[in-house]
Amino acid sequence: MKRFNLILSLLVVSAIIFSFGNCLENTKDEENEDNNEALKLAEVINEYRASKGLSKIAISPSLTKVAKLHVKDLAENHPNKGVCNLHSWSDKGSWTACCYTSDHKNAKGMWNKPRELTSYKGNGYEIAAASSGTLTPKHALEMWKRSKGHHNVIINKGMWKREWKAIGAAIYKGYAVVWFGHEKDGK
């Protein structure tokens, strides 16, 4: 009986270790997929800009970090409720909460995020999209192309005429964000 209990205990411990190992692999797979989607999103934007005769924007590790933090905050904490739109940040992270409204009164709360969360020296400007279904990089770009304000940010038109020198992007659970900056990333 003792031998049976010992064997049973070893089987249970082995199953727990195996399950934990699979969870770690799944987490790594999800993280790699998130990284791939972020890179693809930045790439489709750069390809679209090239089709318009515009220069490629360098991918910024700092702005990418801000983008990844923001899509996870949007997906998990939903700060975009009521009058707060997709540029809003919850109070559930290592950042200052911000309710971004359509009148842009709280714009600095968004513009400061790269400096607040990384070593990036300049302001960050974000475009964001959400979908109840699967959101691919191409789908997000198509959504932004249909919005004059977002499209102008992507192609440096109107008030966004000054050239972008840094870009960071992320997609996560139906949310996509892209951050643009006028300064090169110091990393």
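Every value quoted in this text rests on a predicted model; they were computed, and no experiment measured them. Going along each chain's sequence as written, the residues are numbered from 1 onward. Local features are withheld for residues below a pLDDT of 70 in this predicted model, meaning they are given only at 70 or higher, and side-chain atom pairs are given and counted only at 80 or more; totals for whole chains, interfaces and linings count all residues. The side-chain figures draw on all heavy atoms in the structure; neither hydrogens nor water molecules are used.

### Re the overall build of the protein
Secondary structure assignment for the protein yields six helices and three strands. Secondary structure of the protein in N-to-C order comes out as α-α-α-α-β-α-α-β-β. Exposed residues in this analysis have more than 50% of their type's maximum accessible area, buried residues have under 20%, and partly exposed residues fall in between, with area computed by a 1.4 Å probe over protein chains only. Across the 187 residues in the protein, those meeting the buried criterion constitute 41%. We call two residues in contact when some of their heavy atoms are within 4.5 Å. Partitioning the contacts of the protein with sequence separation of at least 6, the portion at a separation of at least 24 is 58%. Helix numbers and strand numbers start at the N terminus; a helix is a DSSP run of H or I with at least 4 residues, a strand a run of E with at least 2.

### With respect to helix 2 (residues 61-77)
By this rule the span expected of a helix is its residue count minus one, scaled by 1.5 Å. Counted at 1.5 Å a residue, the expected span for helix 2 with its 17 residues is 24 Å, and the 24 Å between its end C-alpha atoms agrees. Inspection of helix 2 places Ser62, Leu63, Thr64, Val66, Ala67, His70, Val71, Asp73, Leu74 and Ala75 among the buried residues, and these make up the whole buried set. Among the structural elements, helix 4 (113-117), strand 1 (125-130), strand 2 (166-172) and strand 3 (175-181) are those in contact with the buried residues of helix 2.

### Some thoughts on the state of the cysteines
Here, two cysteine sulfur atoms that lie within 2.5 Å of each other are counted as a disulfide. The tally for this structure, following the rule as stated, stands at one disulfide. With a sulfur-sulfur separation of 2.0 Å, Cys84 is cross-linked through a disulfide to Cys99. Between Cys84 and Cys99 the sulfur-sulfur dihedral comes to about -105°; the bridge is accordingly left-handed. Of the two residues, Cys84 sits in the loop between helix 2 and helix 3 (107-111) while Cys99 sits in the loop between helix 2 and helix 3, which places them 15 residues apart along the sequence.

### Things to note about the packing of aromatic side chains
Two aromatic rings from Phe, Tyr or Trp, using only the six-membered ring of Trp, form a pair when their centres are within 6.5 Å; if the ring planes differ by under 30 degrees the pair is stacked, by over 60 it is edge-to-face, and anything between is tilted. Applying the stated rule across the entire model yields seven aromatic pairs. Centroid distance Tyr125 to Trp164: 5.8 Å. Interplanar angle 45°. Geometry classified as tilted. Highlighted residues: Tyr125 in strand 1 and Trp164 in the loop between helix 6 (148-154) and strand 2, separated in sequence by 39 residues. Among the aromatic residues, those joined into a ring-pair cluster are Trp111, Tyr125, Trp160, Trp164 and Phe180. In this scheme, the term charge over a ring applies when either NZ of a lysine or CZ of an arginine sits within 6 Å of the ring centre and within 35 degrees of the ring normal. The positively charged end of Lys72 is found above the aromatic ring belonging to Tyr172, 5.2 Å away from the centroid. Here the guanidinium or amino end of Lys113 rests over the ring plane of Trp89, the centre of that ring lying 5.5 Å away.

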